[in-house]
Amino acid sequence: MALLVQKFGGTSVGSIERIEAVAERVIKARQCGHQVVVVLSAMAGETNRLLGLAKQIDAIPTPRELDVLLAAGEQVSIALLAMALNKRGYSATSLTADQVVIHTDSNFNNATIHEVETQNMTTLLGQDNIVVVAGFQGRDIDGNITTLGRGGSDTTAVAIASALNAAECQIFTDVDGVYSTDPRLVPSAARLDVIHFDYMTCMARLGAKVLQLQSVEYACQHRVPLRVLSSFEEGQGTLVNFDVMSNQNIIGVALQRQQVLVNITLPATVLNEQLDLYGLTAWNLSTNSSDDISQIVISNDDLARLRLVFDSKMRHIGMVSILSLIGKDIQQHLGPIQMVLQEAGITVHTYQGDKKCLSLLINDDDHLTAVDLIHEKFVVDNPCFGNLSHLAVS
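Residues numbered from 1 in each chain as written. Predicted model: local features only at pLDDT ≥ 70, side-chain atom pairs only at ≥ 80, totals over all residues. Heavy atoms only, no water.

1. Digging into the pairing of strand β15 (residues 250-264)
Summarising burial for β15: 13 of the 15 residues are buried, a large majority. In the sheet, β15 pairs with strand β18 (residues 314-327) via twelve bridges, with the strands oriented antiparallel. Paired with valine 262 across the two strands is histidine 316, which belongs to β18. Sheet topology places β15 next to strand β17 (residues 294-299); six bridges connect them, and they run antiparallel. Each bridged residue has a counterpart across the sheet, and for asparagine 263 the counterpart in β17 is glutamine 295. (Buried < 20%, exposed > 50% of the residue type's maximum accessible area, 1.4 Å probe, protein only. Helix = DSSP H or I, 4+ residues; strand = E, 2+ residues; numbered from the N terminus. Pairing = 2+ DSSP bridges.)

2. Digging into helix α6 (residues 119-126)
Within α6 the residues assigned to the buried category are Met121, Leu124 and Leu125. Buried residues of α6 fall within an arc of 100° about the axis and therefore sit on the same side. Exposed residues pointing more than 90 degrees away from the buried face of α6 are listed as Gln119 and Gly126. Aspartate 128 sits one or two residues past α6 and shows a positive phi near 70°. (Arc of directions from axis to C-beta.)

3. Some words on unusual backbone geometry
Between valine 100 and valine 101 the backbone carries a cis peptide bond, its omega angle lying at 15°. At aspartate 128, a residue that is not glycine, the phi angle is positive and equals roughly 70°. Mapped onto the fold, aspartate 128 is located in the loop between α6 and β6 (130-134).

4. Digging into the layout of surface pockets
Considering only enclosed or pocket space, the second largest pocket measures out at about 280 Å³ in volume. Arg25, Gln170, Phe172, Leu229 and Glu234 are, among the 16 residues lining the second largest pocket, the residues nearest its centre. Put simply, the parts of the chain that give the lining of the second largest pocket at least two residues each are β1 (3-8), α1 (16-31), β9 (168-173) and β13 (226-230). In the lining of the second largest pocket, the residues fall into five nonpolar, five polar and six charged. (1 Å grid on protein atoms, 1.4 Å probe; cavity = no way out; pocket = protein on both sides within 12 Å on 5 of 7 lines; lining within 4 Å. Points joined across faces, edges and corners; volume = space filled by probe spheres on them. Nonpolar A, V, L, I, M, F, W, Y, C, P; charged D, E, K, R; others polar.)

5. Some details on the pattern of salt bridges
Scanning the model with the defined rule gives 15 salt bridges in all. Arginine 139 serves as the salt-bridge partner of aspartate 98, at 3.0 Å between the closest nitrogen and oxygen. Residue aspartate 98 is located in helix α5 (residues 97-100), and its partner arginine 139 is located in strand β7 (residues 137-139); the two are separated by 41 residues in the primary sequence. Under the relative-accessibility criterion, aspartate 98 is labelled partly exposed at 41%. (Salt bridge = Lys/Arg side-chain N within 4 Å of Asp/Glu carboxyl O.)

6. Concerning the packing of aromatic side chains
Summed over all chains, the structure comprises two aromatic pairs. Seen in terms of ring centroids, phenylalanine 8 and phenylalanine 172 are 4.5 Å apart; in terms of plane orientation they differ by 10°. Their pairing is stacked. Pair noted here: phenylalanine 8 is in strand β1 and phenylalanine 172 is in strand β9, with a separation of 164 residues, a long-range link. Across the pair, exposure class does not vary: phenylalanine 8 and phenylalanine 172 are buried alike. Taken together, a centroid distance of 4.9 Å and an interplanar angle of 40° make the contact between phenylalanine 197 and phenylalanine 242 tilted. Separated by 45 residues along the polypeptide, phenylalanine 197 in helix α8 (residues 197-205) and phenylalanine 242 in the loop between β14 (238-241) and β15 bring together distant segments of the chain. (Phe/Tyr/Trp six-rings, centres within 6.5 Å; stacked < 30°, edge-to-face > 60°.)

Structure below.
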């Protein structure tokens, strides 16, 4: 008998019918003899609905009160799933993060988990209960409710799996695993049976949406095996761990769209300090620290926050995309990649990378052609493509 932590996202619990389906899937694991802790997000659209209510009151709500509001979404979904399980004759108890207890820092709206207490969960598991936990939330040292940021339920699940020493943390979502690129953009994308944590971290950081970056980093640090599975289809999904070898140099292509190119009237070193101070992540293209004007790339989602800090000093230039390749010794492929894109009439403005990741800045209008072309030439045409069950760092 293994202890499993299963996490279901908002789409998976987006209606009563889907919550009933989640209950059936959880029961299957229970019938196999496993102990199960389930972590849930709010129902699809609920967090946005609550955020919309807050902004009708105040365009920039007080961070503490916003967390009190947003944490309500998960309380609804965990209670409904516990009801569905109990109705089927399987004892289930729902717990908020405060009841678990999940300790975080006091960074409202984007808190970090420090510790997960296990006594309440262990007691309930010992009494043959299925434990259903609210994701995305915690409490700080002063007892305030905190939330973990978008996708934070993944991190909740990983932290609980680590604390309980679970055999696996299973992330159920609307796709059946991790793919070599976004299958919605590129039909030839292949599902990876296994992927090394180092590569999964790169893919999450560079635009792959299937797993939240903080959850992957936490799982990597605490050596928690992750498995990505579909909520709606049967299958083995993708296992993320350390115990795999590599037989392919380039394993994936990630894309970050809706990035904004901005000029800011500040030297690069000063600008970097200000970005760090306000928790803004940007790609600073300026290499000369003495220049009076710096050029950065930042997510369109963060543009409003950037304006709050630098409004009088910034000028919006245009939209770009970041195309990234993930693999072994990736820098050696830079020349051929640039040549393929150039022949297709796609401009590479600049690039950056390390041994495992290479990111190219291209015009946003070229994103679809670029990702399809690079995936075809450097992933599909590789002799190992089609047998992607051992994709890892060697």
